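What the coordinates show
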Amino acid sequence: MENKLEEIKKQTVDAVRSAKTADELEDLRVRVLGRKGSLTIILRSLGDLPPETRGTIGKKSNEIKKIIEETLESRLNELNETSLDGLVTSEWIDVTLSSPGATGTAKTGRLHPISQIQYEIEDIFTSMGFEILDGPEAETEYYNFEALNIPKHHPARDMQDTFWTEDGNLLRTHTSPIQVRGMEKMKPPLRIVGPGRVFRYESTDASHENTFYQVEGMMIDRDISVSHLIYVMKELLRRIFKRDVKIRLRPGYFPFVEPGFELDMNCLICGGTGCSVCKQSGWVEVLPCGLVHPAVLRYGNIDPSQWSGFAFGLGLNRLIMMKYGINDIRHFLSGDERFLVQF
Ligand code: FA5
């Protein structure tokens, strides 16, 4: 038995020392020390040995087990170190080298001007305590029209020509469904903005696209009035245009607000004296808004006798056109790099 133990020790230690991978080591460990391993079987059968040899064989078996375990561990450490050394030499990178973009061989990308202004507006609203919400681009009729106080067959549906899907849903024509989903999800008081892409079945021209971007905004609290709306809108425009902006409100009809307004800003291109951008009027229409209609609050499970609010829907494409003096809305989706690299 002693000879057998010596043989197991010698063979295993030799095999461990010449093993090249961790898998090989694990294989050896299982063959010798595993549940049915050669040494384990001997250790388990110690009870069957005559009492005079049991002590010696037991001691030797345990010594050999310890030697094999230590050899396995030290070979595994050696292999790990070698593979790390190999990685360091085969996969090192010089982090001080300049990137292909910096050397001019590859162009670095940039954010689309719409994304830039969207993130800027999100930051402005977040700093005023608004939360940013998202909503689906393919919507149900309920969220796009019904819950915004535009029932079936109401002529106001014609204000927004719609892409319908075959199953009776639609591509959202505005970001206003986000306010309905926001009201359903959150309890008042609430302040939310919902940016996103919207779609209208329209022919395109210099100021109309069939796919464009809006940012919806809504604030609901106790005793919200038009003065809160004016303050937030003026602050928004001041921060976007980096100067004080003169505004005016004109009555505007949207079934989901009452009263509803068209908010115009003083033309920044001509300073209000009249130019082609403002069609000689000195004013540019930038954002429709108003106080949330009680029916819309009710659709959002909010009691209009307790709460009131304002809402607005800002068209991002036209806002950027105003900011940079861009004369055709179709540039935005043209994918023309000559246009895009300017921002
Ligand atoms: C709306 O979409 C309302 N949901 C806005 C609103 C929200 C009003 C909350 C009151 C309260 P309107 O259809 O006017 O309103 O569109 C809003 C803005 O989207 C416009 O001022 C304009 O900047 C932009 N817009 C509308 N149609 C187009 C178009 N075809 N191409 C590019 N921009 C457009």
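Residues numbered from 1 in each chain as written. Predicted model: local features only at pLDDT ≥ 70, side-chain atom pairs only at ≥ 80, totals over all residues. Heavy atoms only, no water.

Things to note about the sheet that holds strand S1 (residues 131–132)
- One open sheet accounts for seven strands, arranged S1-S4-S5-S9-S8-S7-S6; its pairing is mixed. One side of each edge strand has no neighbouring strand; the edge strands of this open sheet are S1 and strand S6 (247–251).
- Where S1 and strand S4 (residues 190–199) come together, two bridges link them in parallel fashion. Directly across from Ile-132, in S4, lies its bridge partner Val-193.
- Strand contacts of helix H5 (residues 113–127): S1, S4, strand S5 (211–221) and strand S9 (308–315), with the helix running at about 170° to S4, the strand carrying the most contacts.
- Across the sheet, helix H10 (residues 316–324) is in contact with S5, strand S8 (283–292) and S9; its angle to S9 comes to roughly 65°. (Pairing = 2+ DSSP bridges. Helix = DSSP H or I, 4+ residues; strand = E, 2+ residues; numbered from the N terminus. Contact = heavy atoms within 4.5 Å. Axes fitted to C-alpha atoms, helices over the stretch in contact; angles between N-to-C directions.)

A short note on the site of the ligand
- Around the ligand sit 22 residues, and of these His-174, Ser-176, Arg-200, Glu-202 and Glu-209 come closest.
- Measuring from an oxygen atom of the ligand, one finds a side-chain N or O atom of Arg-200 at 2.9 Å.
- One of the side-chain N or O atoms of Gln-214 is found 3.1 Å from an oxygen atom in the ligand.
- Contact with the protein chains covers 94% of the free accessible surface of the ligand, which is 670 Å².
- Comparing atom positions with the cavity grids shows the ligand to sit within the largest pocket.
- Listing elements by their share of the shell around the ligand, those giving two or more residues are S5, S8 and S9.
- Looking at the shell around the ligand, the element that brings in the most residues is S9, giving four residues.
- Partitioned by chemical class, the residues of the shell around the ligand number nine nonpolar, eight polar and five charged. (Near = heavy atom within 4 Å. Polar contact = N/O pair within 3.5 Å; in protein donor to acceptor, adjacent residues only side chain to side chain. Areas by Shrake-Rupley, 256 points an atom, 1.4 Å probe, with all protein chains shown as cover. 1 Å grid on protein atoms, 1.4 Å probe; cavity = no way out; pocket = protein on both sides within 12 Å on 5 of 7 lines; lining within 4 Å. Sits in = over half its atoms within 2 Å of the grid points. Nonpolar A, V, L, I, M, F, W, Y, C, P; charged D, E, K, R; others polar.)

Quick notes on the domain arrangement of the protein
- Split by domain assignment, the protein resolves into domain 1 (2–89) and domain 2 (113–340).
- A C-alpha centroid distance of 74 Å is found between domain 1 and domain 2. (Domains from an automatic or database assignment.)

Concerning the pattern of salt bridges
- Across all of its chains, the model carries 22 salt bridges by this definition.
- The closest approach of N and O atoms between Lys-60 and Glu-6, which form a salt bridge, is 2.9 Å. Taken together, the positions of Lys-60 in helix H4 (residues 51–90) and Glu-6 in helix H1 (residues 2–18) put the pair 54 residues apart, joining distant regions of the chain.
- Residue Glu-6 is classed as partly exposed on the basis of its relative accessible area, which comes to 32%.
- The structure contains a network of salt bridges with shared partners spanning Glu-141, Glu-146, Lys-152 and Arg-157. (Salt bridge = Lys/Arg side-chain N within 4 Å of Asp/Glu carboxyl O. Buried < 20%, exposed > 50% of the residue type's maximum accessible area, 1.4 Å probe, protein only.)

Some words on the packing of aromatic side chains
- Taken as a whole, this structure holds eleven aromatic pairs when the rule is applied.
- Ring centres 6.0 Å apart and planes at 40° place the aromatic pair Phe-254 and Phe-256 in the tilted group. By the burial criterion, Phe-254 is buried, and Phe-256 matches it.
- Between the aromatic rings of Tyr-324 and Phe-343, the centroid separation amounts to 5.1 Å while the plane-to-plane angle is 65°, which identifies the pairing as edge-to-face. (Phe/Tyr/Trp six-rings, centres within 6.5 Å; stacked < 30°, edge-to-face > 60°.)

Observations concerning the nonpolar core
- Membership of the largest hydrophobic core comes to 46 residues, with the highest contact counts inside it found for Ile-121, Phe-125, Leu-237, Leu-287, Phe-310, Leu-316 and Leu-319.
- Elements supplying a minimum of two residues to this core: H5, S5, helix H8 (226–241), strand S7 (257–266), S8, S9 and H10.
- In terms of residue count, the dominant contributor to this core is H8 (seven residues).
- Ignoring any residue separated from it by four or fewer positions in sequence, one finds Phe-125 in contact with Phe-130, Val-193, Val-232, Leu-236 and Phe-312. (Core = buried A, V, L, I, M, F, W, Y, C linked by side-chain atoms within 4.5 Å.)

Details of empty space enclosed by the protein
- As enumerated under the stated definition, the model contains one cavity of 30 Å³ or more in all.
- A volume near 30 Å³ is recorded for the largest cavity.
- Of the residues that constitute the lining of the largest cavity, the class distribution is six nonpolar, one polar and no charged. (Points joined across faces, edges and corners; volume = space filled by probe spheres on them.)

A closer look at the pairing of S4
- Of all ten residues in S4, eight are buried; the element is thus mostly enclosed.
- Pairing analysis gives ten bridges linking S4 to S5, with the strands arranged antiparallel. From the neighbouring strand, Ile-192 faces S5, where its bridge partner is Met-218.

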